[in-house]
Amino acid sequence: MTLTRSSDGRSVAGRAALITGAGSGIGRATALLLAAEGARVAAADCKLEAVESVAAEITAAGGEALACQLDVCDDSQVCSVVEQTVEAYGALDILVNCAGIALPAAFGDEEAWERTLDVNLKGSMRTIRAALPRLRASDAGRVVNIASTDAQVATPMMSAYTVSKHGVVGLTRALAVELADSGVTVNAVMPGPINTGMTAAIGEDDRRRFARRRVALRRYGEPVEVAQAILNLVLPASSYTQGACLRVDGGMLTVA
Ligand SMILES: NC(=O)c1ccc[n+]([C@@H]2O[C@H](COP(=O)([O-])OP(=O)(O)OC[C@H]3O[C@@H](n4cnc5c(N)ncnc54)[C@H](O)[C@@H]3O)[C@@H](O)[C@H]2O)c1
């Protein structure tokens, strides 16, 4: 044994990454962190201005990034964003599916169900389908889907969201098995309550009360704390982590 530190496989430097939902919250933090670690990042979101500002922040700091307009519900936009990434970087090694919505809606609200499943579940399926030939061509293709603790429990008035996130875990496990021979790993993270655009409407006092009562760490998480977990899953060295669904919830579902 030698004690020489080797960075082999423990870096994303030079890897080409496509991140959806990169205009805000967890996706934005993931784009910034992967870029800071040397990855070349395609930041995609339905809000173009938001990803333009993320890409500008990365390039101003000396990193590599491009901003892409993307509605994950539109197949042609999904295919185009994959091609834009490959055109810019010559490869696609990492796909992180962060685009998501959370619409509070009654169980019978069909429109909310259609929209939620289309963005949260089918959106991830579409991007993986489009990216797959490129990910297979990589020597360390990586997919990370963003589920939620709502993939294990349920929140009132959030049935469509809950079902979509159970679906994301199902998609992750199904592809982990189906793609086993391809060298592509497919994993998920399940965030608990995180301070992002999605939770911004919840008042400060309500957040604090909830966290004190329900979260082991007694606080909401920050987007970069989820991004750190994603970074670990997309490292080339994480080659035997397949079909894992990792809770990043401050111990919320561990509290008795
Ligand atoms: N914030 C939390 O507490 C929390 C908890 C568990 C899971 N999550 C999940 O994390 C993921 C990221 O959410 P966030 O908390 O960062 O929220 P966010 O609202 O800050 O970011 C979501 C991003 O997705 C983009 N988006 C929405 N619909 C899109 C579409 N059709 N096409 C492309 N982009 C689209 C939005 O423009 C936004 O930039 C979501 O899947 C969410 O369900 C969040």
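Residues numbered from 1 in each chain as written. Predicted model: local features only at pLDDT ≥ 70, side-chain atom pairs only at ≥ 80, totals over all residues.

1. A look at the overall build of the chain
In terms of regular secondary structure, the chain is built from seven helices and seven strands. Ordering the α and β elements of the chain from the N terminus gives β-α-β-α-β-α-β-α-β-α-β-α-α-β. Its C-alpha atoms give the chain a radius of gyration of 18 Å, near enough to 18 Å, the size a compact globule of 256 residues would have. Overall size of the chain, expressed as C-alpha extent along the three principal axes, is 50 × 45 × 40 Å. When each of the 256 residues of the chain is scored for burial, the buried share is 45%. (Helix = DSSP H or I, 4+ residues; strand = E, 2+ residues; numbered from the N terminus. Rg over C-alpha atoms; globule rule 2.2 N^0.38 Å. Buried ≥ 20, exposed ≤ 12 C-beta atoms within 10 Å, placed from the backbone.)

2. Quick word on the site of the ligand
If you check the shell around the ligand, you find 32 residues, and the closest are Gly21, Gly25, Gly100, Thr196 and Gly197. Listing elements by their share of the shell around the ligand, those giving two or more residues are helix H1 (25–36) and helix H4 (110–137). When the residues that make up the shell around the ligand are grouped by side-chain class, the tally is 16 nonpolar, 13 polar and three charged. (Near = placed C-beta within 6 Å. Nonpolar A, V, L, I, M, F, W, Y, C, P; charged D, E, K, R; others polar.)

3. Section: H1
With twelve residues, H1 should reach 16 Å at 1.5 Å per residue; the first-to-last C-alpha distance of 17 Å fits that figure. In terms of burial, H1 is a largely internal element, ten of the twelve residues being buried. Taken as a whole, H1 has its buried residues at Gly25, Ile26, Gly27, Arg28, Ala29, Thr30, Ala31, Leu32, Leu34 and Ala35. One or two steps after H1, the chain reaches glycine 38, where phi turns positive at roughly 100°. (Expected span 1.5 Å × (residues − 1).)

4. Here we look at the packing of H1 against helix H2 (residues 48–60)
Relative to each other, H1 and H2 sit at 20°, their axes nearing to 10 Å. With respect to each other, H1 and H2 are oriented roughly parallel. When you trace H1 past H2, the crossing you get is right-handed. Of the residues in H2, those in contact with Arg28, Ala31, Leu32 and Ala35 of H1 are Val54, Glu57 and Ile58. Here the contact of H1 with H2 is composed, by residue class, of five nonpolar, no polar and two charged. (Axes fitted to C-alpha atoms, helices over the stretch in contact; angles between N-to-C directions. Parallel < 35°, antiparallel > 145°, perpendicular 65-115°, else oblique. Left-handed = near helix turned anticlockwise from the far one by under 90°. Contact = placed C-beta atoms within 7 Å.)

5. Here's the deal with the packing of H4 against helix H5 (residues 159–178)
Their axes nearest at 9 Å, the elements H4 and H5 cross at an angle of 20°. With respect to H5, the axis of H4 lies roughly parallel. By crossing handedness, the relation of H4 to H5 is classed as right-handed. Side by side, H4 and H5 meet where Ala112, Trp113, Thr116, Leu117, Asn120, Leu121, Ser124, Met125 and Ile128 of the first sit next to Ala160, Tyr161, Ser164, Lys165, Gly167, Val168, Leu171 and Leu175 of the second.

6. Concerning the pairing of strand S1 (residues 16–20)
By the criterion of burial, S1 is predominantly enclosed, with five of the five residues buried. The side-chain alternation of S1 yields two buried faces, one formed by Ala16, Leu18 and Thr20 and the other by Ala17 and Ile19. Across five bridges, S1 lies against strand S2 (residues 40–45) in parallel orientation. Note that in S2 the partner of threonine 20 across the bridge is alanine 44. The parallel pair S1 and S2, bridged by H1, forms a crossover whose chirality is right-handed. (Pairing = 2+ DSSP bridges. Right-handed = clockwise from strand over helix to strand, strands pointing away.)

7. Looking at the nonpolar core
Counting residues in each nonpolar core, the largest one holds 66 residues, and the members touching the most others are Ala17, Leu18, Ile19, Val41, Ala43 and Ala44. Excluding residues within four positions of it along the chain, alanine 44 makes contact with Leu18, Ile19, Thr20, Ala22, Val51, Cys68, Leu70 and Val81. (Core = buried A, V, L, I, M, F, W, Y, C linked by C-beta atoms within 7 Å.)

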